[in-house]
Amino acid sequence: MPSEQWTHPEPGDGPAAVAAQPSPEQVIAGLRATSEGGAELTQLLTPEGQRVPSERFDRYVADVDDETLKNLYRDMVLVRRADREANAMQRQGQLGIWVPLLGQEAAQVGSGRALQPQDMAFPSYREHGVAYTRGIDMRDLIGIFRCTDHSGWDYRAHRFHPYTIVIGNQVLNAAGYAMGQKFEGKVGDEGGEATICYFGDGATSQGDVHEGFVWAAVYDAPLVFFCQNNQWAISEPTERQSRLPLYQRARGYGFPGIRVDGNDVLACLAVTRWALEECRHGNGPVLIEAFTYRMDAHTTTDDPTRYRLSDELEEWKLKDPIERVRAFLARGGHADQAFFDSVQAEADQFAAELRDYTFNMPEPPPDRVFSQVYAEPSPVLEAQREEYLSYLDGFATEESLAGSSIHNRGEH
């Protein structure tokens, strides 16, 4: 019996690689695919910062002038700086955990800036960049990872759902929400609504994601499935999870799929605008696979050196999403050194304020767990609250009695 296949060849490509012992040729082919993203990769800015014309997608970024591109650069620099600061604070014991986004700034900022105010976004737990583009205060994100908040923002006002920790569950939530948009007639023209849902390559192996695909397809829900394929589902590479590129899975559900260079902020902006437009006009769901790379650990509890090679990381550093925009701006004379220095200074100040807030964050009162769960109180909730507060008061009474007893013994 042959060993388990872990890649599925296209016609004429030869035999599939096997999990037990891939041939040298298959290993090289896999590395090239990981590096380049395949022939169907949509790219508008090369890693060297050169503009690539696209007959299909140029019109979706026709309004992006020098100032807009500089703003996208600024967004990514600030988001990365905040991410690095939060990562450091977790190591110093200030946060319970942190989920880094290092290397995925273009995918998140590009897609986030494509959203219109009426659109809705459903994140997983790594979408700090998308949150930033939706006007979420980064301090509200910190509260989640310091374990003082579930989410400190008004998700209706920002049109950004609370973070979802359960892998893939947000896809079902997003599918239901998008179906509601369709049922309420909020699609059909340029002013219509659309929903975007973020998940990683590992989540595509979860049943919830595929159920979301089915429901969205059957009801033509205005939903963009945005998969950030960062190559690793914790310690499992993408090729061990799927026989085909992830974007091609959309075929089986009857809606379009597309692969975009996830390290190209301009391409992510263009492709997401196109996908949202499709959904907004009632043409059903779209799957975007943003082909990127996780430059850091899965979370701060993970050690990526145990499962991936350093030369892979070094190769992807050359495709850095921020550096390619910087190269384009500098090469074309669109920005000078003073601009880059000012953005870095702003990012450092941004991180310093975030750090100061975290170190001095007040502890929430005990009854916060009851007041921030339901929209309206109920007798059952109030009874639970009173029982819990009474339980806590018991500790205070015991401490008071113990202190009084010690004091009395001292007098005698």
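These numbers come from a predicted model, not from an experiment.

So, the pairing of strand β2 (residues 195–200)
Reasoning step 1: Among the six residues that make up β2, five are buried, leaving the element largely enclosed by the rest of the structure.
Reasoning step 2: Pairing analysis gives three bridges linking strand β1 (residues 120–122) to β2, with the strands arranged parallel. Note that in β2 the partner of Ala121 across the bridge is Ile196.
Reasoning step 3: In this structure, β2 lies alongside strand β3 (residues 223–229), joined through six bridges in parallel fashion. Note that in β3 the partner of Thr195 across the bridge is Leu223.
Reasoning step 4: Between the parallel elements β2 and β3, the chain passes through helix α8 (residues 207–218) in a crossover that is right-handed.

Some details on the pattern of salt bridges
Reasoning step 1: The tally for this structure, following the rule as stated, stands at 27 salt bridges.
Reasoning step 2: Between Asp320 and Arg80 there is a salt bridge, with the nearest N and O atoms lying 3.0 Å from each other. Of the two residues, Asp320 is situated in the loop between α10 (310–317) and α11 (321–331) and Arg80 in helix α2 (residues 66–91); the sequence distance between them amounts to 240 residues.
Reasoning step 3: Using a relative accessible area of 15% as the deciding quantity, one classes Asp320 as buried.
Reasoning step 4: A relative accessible area of 18% places Arg80 in the buried class.
Reasoning step 5: In this structure, Arg84 and Asp296 form a salt bridge, with 2.9 Å as the shortest nitrogen-oxygen distance. Here the residue Arg84 occupies a position in helix α2, and Asp296 occupies one in the loop between β7 (286–291) and α10, the gap between them amounting to 212 residues.
Reasoning step 6: Salt bridges linked by common partners bring Arg74, Asp75, Arg113 and Glu346 together as one network.

Description of the pairing of β7
Reasoning step 1: Taken across its six residues, β7 has six buried, putting it largely inside the fold.
Reasoning step 2: The two faces of β7 match: Val286, Ile288 and Ala290 on one face and Leu287, Glu289 and Phe291 on the other face are all buried.
Reasoning step 3: In the sheet, β3 pairs with β7 via six bridges, with the strands oriented parallel. By the bridge assignment for β7, Gln228 is matched with Ala290.
Reasoning step 4: One ladder, built from five bridges, connects strand β6 (residues 257–261) with β7; its direction is parallel. Counterpart to Val260 in the pairing with β7 is Ala290.
Reasoning step 5: Following the chain from β6 across helix α9 (residues 265–280) to the adjacent parallel β7, one finds a crossover that is right-handed.

Topic: unusual backbone geometry
Reasoning step 1: Of note in the backbone geometry, Arg159 takes a positive phi value of approximately 55 degrees without being a glycine.
Reasoning step 2: In this fold, Arg159 is placed in the loop between α6 (155–158) and α7 (169–183).
Reasoning step 3: Not every positive phi belongs to a glycine, and Asp220 is a case in point at roughly 50 degrees.
Reasoning step 4: Summarising the element assignment, Asp220 is placed in the loop between α8 and β3.

Quick look at the packing of α7 against α8
The description of two helices packed together rests on the angle between their axes and the distance between the axes.
Reasoning step 1: Running from N to C, α7 and α8 cross one another at 15 degrees; their axes reach a closest spacing of 7 Å. With respect to their mutual orientation, α7 and α8 come out roughly parallel. Handedness of the α7/α8 crossing: left-handed. The segment α7 lies against α8, with Asn169, Val171, Leu172, Ala175 and Met179 engaging Asp208, Val209, Glu211, Gly212 and Trp215.

Focus on the confidence of the model for the protein chain
Reasoning step 1: The predicted model of the protein chain averages 88 in pLDDT, with 87% of residues at 70 or higher.
Reasoning step 2: Note that residues 26–35 has pLDDT below 50 and, in this model, 13 contacts with residues that lie over four places away or in other chains.

About the cut-offs
Residues numbered from 1 in each chain as written. Predicted model: local features only at pLDDT ≥ 70, side-chain atom pairs only at ≥ 80, totals over all residues. Heavy atoms only, no water. Buried < 20%, exposed > 50% of the residue type's maximum accessible area, 1.4 Å probe, protein only. Helix = DSSP H or I, 4+ residues; strand = E, 2+ residues; numbered from the N terminus. Pairing = 2+ DSSP bridges. Right-handed = clockwise from strand over helix to strand, strands pointing away. Salt bridge = Lys/Arg side-chain N within 4 Å of Asp/Glu carboxyl O. Axes fitted to C-alpha atoms, helices over the stretch in contact; angles between N-to-C directions. Parallel < 35°, antiparallel > 145°, perpendicular 65-115°, else oblique. Left-handed = near helix turned anticlockwise from the far one by under 90°. Contact = heavy atoms within 4.5 Å. pLDDT = per-residue confidence, 0-100.

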